[in-house]
Amino acid sequence: EGPKGEILEIGGKLKSKSGWQRNGTDDLKFSVLPGGIALIKKNIFLEGVGVLWSSEVNQDGMVWVYWFFNDRDDIRTPVAGKDDFLSVRCVKDE
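Residues numbered from 1 in each chain as written. Predicted model: local features only at pLDDT ≥ 70, side-chain atom pairs only at ≥ 80, totals over all residues. Heavy atoms only, no water.

Undergrad: Looking at this structure, I do not really get the overall build of the protein chain. What am I missing?
TA: Helix and strand counts for the protein chain stand at one helix and seven strands. On C-alpha atoms alone, the protein chain measures out to a radius of gyration of 13 Å, which is about the 12 Å that the 2.2 N^0.38 rule sets for 94 residues. Dimensions of the protein chain, computed from the C-alpha atoms along their principal axes, are close to 35 × 30 × 25 Å. A total of 94 residues make up the protein chain; the buried ones form 38% of that total. Sequence-distant contacts in the protein chain: of pairs separated by 6 or more residues, those separated by 24 or more amount to 44%. Only carbon and sulfur atoms are counted for the fraction: they give 51% of the accessible area of the protein chain, which is about 6100 Å². (Helix = DSSP H or I, 4+ residues; strand = E, 2+ residues; numbered from the N terminus. Rg over C-alpha atoms; globule rule 2.2 N^0.38 Å. Buried < 20%, exposed > 50% of the residue type's maximum accessible area, 1.4 Å probe, protein only. Contact = heavy atoms within 4.5 Å. Areas by Shrake-Rupley, 256 points an atom, 1.4 Å probe, with all protein chains shown as cover.)

Here it is in structure tokens:
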């Protein structure tokens, strides 16, 4: 897990080489795509972002997430509610 509530400067290395307004380099072979989000309680629906769940939950029951932007290479790490619709990235542990 990365730092919580902070900005990470590795988004461009994780984003796919296509599908974004500002494509990534995919140096780390993770190929994040902009799957969009739906924040149901706030009635917010966004395209052009990639928001991935983490396995970390804070003391209020909110989940830390990794937020990739369409036009930037940084990643934000805010929290989201468990009832929000975000993307999932499955990673095989070898």
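Undergrad: So what exactly am I meant to see when it comes to the pattern of salt bridges here?
TA: Per the stated rule, a full pass over the model turns up five salt bridges. Across the pair Lys15 and Asp73 runs a salt bridge, and its minimum N-O distance is 4.0 Å. Placement of the pair is Lys15 in the loop between α1 (11-14) and β2 (37-39) and Asp73 in the loop between β5 (63-68) and β6 (75-76), with a sequence separation of 58 residues. The class of Asp73 is partly exposed, set by a relative accessible area of 26%. Salt-bridge contacts for Asp74 lead to Arg72; the nearest nitrogen and oxygen are separated by 2.9 Å. (Salt bridge = Lys/Arg side-chain N within 4 Å of Asp/Glu carboxyl O.)

Undergrad: Help me out: how do you make sense of the nonpolar core in this one?
TA: Generally speaking, soluble globular proteins have nonpolar side chains that are buried together. Counting residues in hydrophobic clusters, the biggest one holds nine residues: Ile37, Leu39, Val49, Val51, Val65, Trp67, Phe69, Ala80 and Leu86. Counting residues per element, the ones that place at least two in this core are β2 and β5. Aside from chain neighbours lying at most four places away, what touches Val51 is Ile37, Val65, Tyr66, Trp67, Leu86 and Ser87. Leu8, Trp20, Leu52 and Ile75 belong to the second largest nonpolar core, which has eight residues in total. (Core = buried A, V, L, I, M, F, W, Y, C linked by side-chain atoms within 4.5 Å.)

Undergrad: How should the confidence of the model for the protein chain be read in this particular structure?
TA: Should the pLDDT be low somewhere, the predicted coordinates at that spot are not to be read in detail. Mean pLDDT for the protein chain: 88, with 97% of residues reaching 70 or above. Across the protein chain, the element-wise mean pLDDT spans from 80 in strand β1 (residues 7-8) up to 94 in α1. (pLDDT = per-residue confidence, 0-100.)

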